[in-house]
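What the coordinates show
Take a look at the letters that make up each chain.
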Amino acid sequence: MKKYLFFRVINILITLYIIATATFFLMKQLPGSPFDEERLSSLSEEQRMEFYAKYGLDKPLHEQYILYLTNLVRGEMGDSFYFKGQDVSGLIASRIGPSALLGFQAVLLGFTVGIVLGIIAAFKHNTMWDFSTMLVAVLGVSVPNFVFAALLQYYVGLKMGLLPVAFWESYSSSIMPTLALSLIVIALIARFTRNEMLEVLQQDYMLTARAKGLSQFKVIYKHAIRNALIPVITILGPIVVSLLTGSLVIENIFGVPGIGSLFVDSIKVNDYTTIMGLTLFYSAFFVLTMLVIDLMYGVIDPRIRISGAKE
Amino acid sequence: MKNAEPLLNDEELSDDLFEIVGRRAEDSEKINRPPLSAFKDSWMRLKKNKGAVISLIVLTVILLLAIFGPYMNGYKYYETDYSAAYQPPGAEHWLGTDKFGRDQWTRVWEGTRISLYIAVLAAFLDLLIGVTYGAISAMLGGKVDNAMQRVIEILVGIPNLIIIILLIMLMKPGIFTITIAMVITGWVNMARLVRAQIFKLKEQEFVLAARSLGSGNKRLILHHLIPNVMGLIVINMMFTIPSAIFTEAFLSFIGLGLQEPLASLGVLINDGFKGMRNHFYLLLYPAIVIVGIMVSFNILADGLRDALDPKMRK
């Protein structure tokens with residue numbers, strides 16, 4: 001296990017290094033500059049050099065690269081080109097709250113609703129309950145999140161006027177984005193739970209549990225759900241990916257000041273340092289989550305052994 | 001009944017009373033129905049799945065409209081007419097016009113073409129790069145496999161979206177850039193699946209038999225292993241397609257994909273979203289088309305999985 005962990009961490013560091021390097025050189029290749037070209041050309045040569053020096057753009061490329069890497073190790077990602085006087089780490093930290101809240105609520109809602117729907121569908125197999133749950137599941141996977149978010153905003157926000165549109169003021173502002181974000185989680189979890197439950201319900205130990213006179217609730221709760229939900233880990237990866245992707249577009253649609261909208265905005269204004277910082281942040285979050293998921297396999301279900309752990 | 005008197009005794013039952021009919025080999029071995037290939041077998045199972053058949057019909061209709069739709073009225077997708085901006089759907093403009101007076105019907109089907117192009121591209125890359133990469137990696141094994149797997153590990157370690165976004169920033173946003181981005185990221189899943197499956201298959205006896213009859217690696221892969229992985233390949237391809245369509249629409253929606261005046265469903269939905277307060281129809285129709293495409297592909301993929309691999313049926 002320790003050996004496995006060691007190699008995984010090494011692997012993660014290599015991946016992050018590659019991303020950091022690739023991002024750095026890509027940014028240097030980019031057309032367009034974060035500065036206002038017209039105003040820049042009105043400056044004298046000396047002033048312009050001073051300006052470049054402030055952002056370290058006057059040094060040769062390899063020096064910039066080394067400086068960038070050493071700063072990165074210290075956790076400094078430089079100042080944002082666009083949001084004046086803010087360093088990127090601070091910028092990300094100040095924006096992470098809303099995103100974390102949305103992500104957390106979406107996971108919570110998605111898992112609760114998804115599991116309940118899945119269980120109902122499995123117990124009422126081949127009834128209207130089952131079919132409508134599967135319809136929700138297919139729609140949830142198929143309907144693009146931005147389409148769902150836009151329709152939600154139109155019908156609930158504009159037509160019915162129930163919830164605030166595109167403002168981030170009170171808690172109620174987070175309801176619609178959470179719904180939009182959780183749709184795919186609900187769909188994936190409901191479908192998964194249903195299929196696993198159908199399998200578990202046919203097992204002999206379910207018959208045993210009923211035969212020894214356990215109540216329906218105990219049978220479901222203690223025997224069925226627990227065994228059905230172990231393999232849910234296998235779809236955590238896709239769920240995390242869809243939440244990350246979803247955050248980019250849903251935060252934009254609902255005007256949430258989170259890191260997803262920060263990412264899209266910084267791309268639009270060529271804010272290089274922020275893009276680099278967020279790319280690394282997203283990547284690091286992604287690889288670490290994948291590591292945690294892989295480690296959870298062994299902990300939750302001893303029958304699953306991580307490959308490489310046996311040696 | 002043992003003591004019952006026989007009707008005829010042995011002498012009377014002489015051999016010449018009998019005629020040898022014989023077993024006519026051609027009759028008893030005759031195949032009364034046309035042979036059922038694996039493909040036909042799956043097709044029959046797929047036809048029984050109502051959802052899959054409906055999806056197939058919907059996709060065919062969408063495909064036909066994407067091919068002929070833009071020619072069905074006289075407008076071009078880039079043709080502006082400021083005097084006719086924001087016309088609601090009607091006889092002149094079937095789905096209305098946008099803020100520049102461009103015909104929405106033409107633009108929707110023009111955008112659908114992009115989505116279908118992406119679908120074909122995704123399937124093609126899956127087959128060309130994914131299957132080849134996975135098959136070679138598994139067949140050669142050893143050091144080659146190890147090196148090839150390292151490359152895949154790195155690609156898997158980086159979120160796809162990050163690769164795509166970085167690439168789009170480097171090059172001009174557009175269909176070409178999205179194509180390149182998909183060339184880099186789109187085939188990885190397929191390569192992993194095919195590799196794992198071939199690893200399992202290549203220890204089996206039919207491979208040994210083929211080998212002892214003198215098949216080389218190429219023949220083994222093309223004639224013995226790939227046909228055995230075909231079901232898996234088709235299923236995975238069918239799931240790659242909707243996710244590729246989604247990725248393009250998503251990028252276009254946040255402004256990193258196709259740019260005006262080109263129309264993609266993502267661009268149209270973004271436009272419609274901006275003006276939905278007063279001109280909801282601009283959002284509605286492209287949204288219906290993309291949902292139609294996505295739902296159909298997903299249901300069809302499910303149906304195909306059941307048809308091709310009945311073991312996985314639930």
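Predicted model, so just to flag it, every value in this text is computed and none were measured.

**Considering the overall build of chain B**
From N to C terminus, chain B includes 12 helices and 0 strands. Rg of the C-alpha trace for chain B: 29 Å, well past the compact-globule value of 20 Å for 314 residues, more than 25% over. Considering only C-alpha atoms, chain B reaches an extent of 110 × 60 × 30 Å along its principal axes. Sequence separation of 24 or more characterises 68% of the internal contacts of chain B that already satisfy a separation of 6 or more. In the form shown here, chain B has an accessible surface area of approximately 17300 Å², with 63% of it arising from carbon and sulfur atoms. Separation between the mean location of the 31 positive side-chain charges and that of the 28 negative ones in chain B comes to 12 Å.

**Overview of the overall build of chain A**
The helix and strand tally for chain A stands at 13 helices and 0 strands. Helices and strands appear in chain A in the N-to-C order α-α-α-α-α-α-α-α-α-α-α-α-α. A burial count over chain A gives 45% of its 311 residues as buried. Counting contacts in chain A only where the partners sit at least 6 residues apart, residues at least 24 apart contribute 73% of the total.

**Remarks on unusual backbone geometry**
Of note in the backbone geometry, Asn126(A) takes a positive phi value of approximately 60 degrees without being a glycine. By the element assignment, Asn126(A) lies in the loop between α5 (88-123) and α6 (128-142).

**Here's the deal with a nonpolar patch on the surface**
All names here are of chain A. Side chains of Leu101, Leu109, Val113, Tyr171, Ile175 and Leu179 sit close together on the surface and give an oily, nonpolar patch of about 460 Å² of accessible area. Among the elements that take part in the nonpolar patch, α5 stands out by supplying 3 residues, more than any other. Mapped onto the elements, leucine 179 comes out in helix α8 (residues 175-201).

**Side note on the interface of chain B and chain A**
Every contact between the two is made by 34 residues of chain B and, on the other side, 43 residues of chain A. Across the interface of chain B and chain A, roughly 3500 Å² is buried in total on both sides, 80% from carbon and sulfur atoms. Close ionic contact of Arg191(A) with Asp302(B) constitutes a salt bridge, the shortest N to O distance being 2.8 Å. Listed by contribution, the elements that provide at least two residues to the side of chain B that touches chain A are α5 (142-157), α6 (160-170), α10 (217-253), α11 (265-274) and α12 (281-308) of chain B. In terms of residue count, the dominant contributor to the side of chain B that touches chain A is α12(B) (10 residues). Of the residues assigned to the side of chain B that touches chain A, the class counts are 27 nonpolar, 2 polar and 5 charged.

**Concerning the confidence of the model for chain A**
Of the residues in chain A, 88% reach a pLDDT of 70 or more, and the chain-wide mean stands at 80. Overall, residues 307-311 of chain A carries pLDDT values under 50, and its contacts beyond four positions in sequence, including any with other chains, amount to 2 contacts.

**Points about the pattern of salt bridges**
Opposite charge on two side chains permits them to pair, given that their charged atoms come into close proximity. Residue and element names in this part refer to chain B. Tallying each qualifying case throughout the model produces 5 salt bridges over all chains. Put simply, glutamate 110 and arginine 113 hold a salt bridge, and the shortest N to O gap is 3.8 Å. Here glutamate 110 and its partner arginine 113 are both found in helix α4 (residues 104-140), 3 residues apart, which amounts to about one turn of the helix. Overall, the relative accessible area of 15% leaves glutamate 110 in the buried class.

**A closer look at the packing of helix α7 (residues 145-159) of chain A against helix α11 (residues 236-253) of chain A**
All names here are of chain A. Two numbers describe how α7 lies on α11: the axes approach to 9 Å, and their chain directions differ by 20 degrees. Considering their axes alone, α7 and α11 lie roughly parallel with respect to each other. As for the relative orientation of α7 and α11, their crossing is right-handed in sense. Here Asn145, Phe146, Ala149, Ala150 and Gln153 of α7 lie close against α11, whose contacting residues are Gly246, Val249, Ile250 and Ile253.

**Digging into the packing of aromatic side chains**
Following the criterion strictly, the structure yields 16 aromatic pairs over all chains and no others. On the basis of an interplanar angle of 40 degrees and a centroid distance of 5.1 Å, the ring pair of Phe25(A) and Tyr65(A) is categorised as tilted. Note that Phe25(A) is positioned in helix α1 (residues 2-29) and Tyr65(A) in helix α4 (residues 61-73), a separation of 40 residues in sequence. On the basis of relative accessibility, which here comes to 12%, the residue Tyr65(A) falls in the buried class. With a centroid separation of 4.9 Å and an interplanar angle of 45 degrees, the aromatic rings of Tyr133(B) and Trp187(B) are classed as tilted. Of the two residues, Tyr133(B) is situated in helix α4 and Trp187(B) in the loop between α7 (175-185) and α8 (188-201); the sequence distance between them amounts to 54 residues. This pair shows no difference in class: Tyr133(B) is buried, exactly as Trp187(B) is. Three or more aromatic residues link up through ring pairs in this structure, and these residues are Phe146(A), Phe246(B), Phe250(B), Phe253(B) and Phe273(B).

**Side note on the nonpolar core**
Judged by nonpolar contacts, the single largest core of 147 residues is most densely connected at Phe146(A), Phe263(A) and Phe250(B). In terms of residues, this core owes the most to one element, α10(B), which gives 16 residues. When near neighbours in sequence (up to four residues on either side) are disregarded, Phe263(A) contacts Leu248(A), Ile275(A), Leu278(A), Thr279(A), Tyr282(A), Ile162(B) and Ile165(B). Membership of the second largest hydrophobic core comes to 12 residues, among which are Ile119(A), Ala209(A), Ile225(A) and Ala228(A).

**Overview of the side chain of Ser215(B)**
All names here are of chain B. Following the sequence through the fold, serine 215 ends up in the loop between α9 (205-212) and α10. Residue serine 215 is classed as buried on the basis of its relative accessible area of 11%. Setting aside anything within four residues of it in sequence, one finds serine 215 in contact with Ala210, Leu220 and His224.

**Description of the confidence of the model for chain B**
Residues and elements named next belong to chain B. Confidence in the prediction for chain B averages 80 pLDDT; 94% of positions are at 70 or higher. Across chain B, the secondary-structure element scoring lowest on mean pLDDT is helix α1 (residues 25-28), at 74, and the one scoring highest is helix α3 (residues 50-68), at 88. For this predicted complex, the interface confidence comes out at an ipTM of 0.79, alongside a pTM of 0.80.

**Notes on the environment of Leu13(A)**
Structurally, Leu13(A) can be placed in helix α1. For Leu13(A), a relative accessible area of 52% translates into the label exposed.

**What to know about α5(B)**
Compared with an ideal rise of 1.5 Å per residue, which puts 16 residues at 22 Å, α5(B) spans 22 Å between its outermost C-alpha atoms and is within 8% of the ideal. Inspection of α5(B) places Asp145(B), Met148(B), Gln149(B), Ile152(B), Leu155(B) and Gly157(B) among the buried residues, and these make up the whole buried set.

**Observations concerning the packing of helix α9 (residues 204-211) of chain A against helix α10 (residues 216-229) of chain A**
Residues and elements named next belong to chain A. It is the contact of α9 with α10, at a shortest axis distance of 10 Å, that shows an interaxial angle of 160 degrees. In this view, α9 runs roughly antiparallel relative to α10, as classed from their interaxial angle. Crossing of α9 against α10: the hand is right-handed. Between α9 and α10, the contacting residues are Tyr205, Met206, Ala209 and Arg210 on the first element and Gln216, Val219, His223, Ala224 and Asn227 on the second. Among the residues making up the contact of α9 with α10, the classes are represented as 5 nonpolar, 3 polar and 1 charged.

Conventions we followed
Residues numbered from 1 in each chain as written. Chains lettered and ligands numbered in written order. Predicted model: local features only at pLDDT ≥ 70, side-chain atom pairs only at ≥ 80, totals over all residues. Heavy atoms only, no water. Helix = DSSP H or I, 4+ residues; strand = E, 2+ residues; numbered from the N terminus. Rg over C-alpha atoms; globule rule 2.2 N^0.38 Å. Contact = heavy atoms within 4.5 Å. Areas by Shrake-Rupley, 256 points an atom, 1.4 Å probe, with all protein chains shown as cover. Lys, Arg positive; Asp, Glu negative; His and termini not counted. Charge placed at Lys NZ, Arg CZ, Asp CG, Glu CD. Buried < 20%, exposed > 50% of the residue type's maximum accessible area, 1.4 Å probe, protein only. Patch = residues over 30% accessible without salt bridge, like charges linked within 9 Å, V, L, I, M, F, W, Y side chains within 5 Å. Salt bridge = Lys/Arg side-chain N within 4 Å of Asp/Glu carboxyl O. Buried area = accessible area lost by both parts, 1.4 Å probe. Nonpolar A, V, L, I, M, F, W, Y, C, P; charged D, E, K, R; others polar. pLDDT = per-residue confidence, 0-100. Axes fitted to C-alpha atoms, helices over the stretch in contact; angles between N-to-C directions. Parallel < 35°, antiparallel > 145°, perpendicular 65-115°, else oblique. Left-handed = near helix turned anticlockwise from the far one by under 90°. Phe/Tyr/Trp six-rings, centres within 6.5 Å; stacked < 30°, edge-to-face > 60°. Core = buried A, V, L, I, M, F, W, Y, C linked by side-chain atoms within 4.5 Å. Expected span 1.5 Å × (residues − 1).

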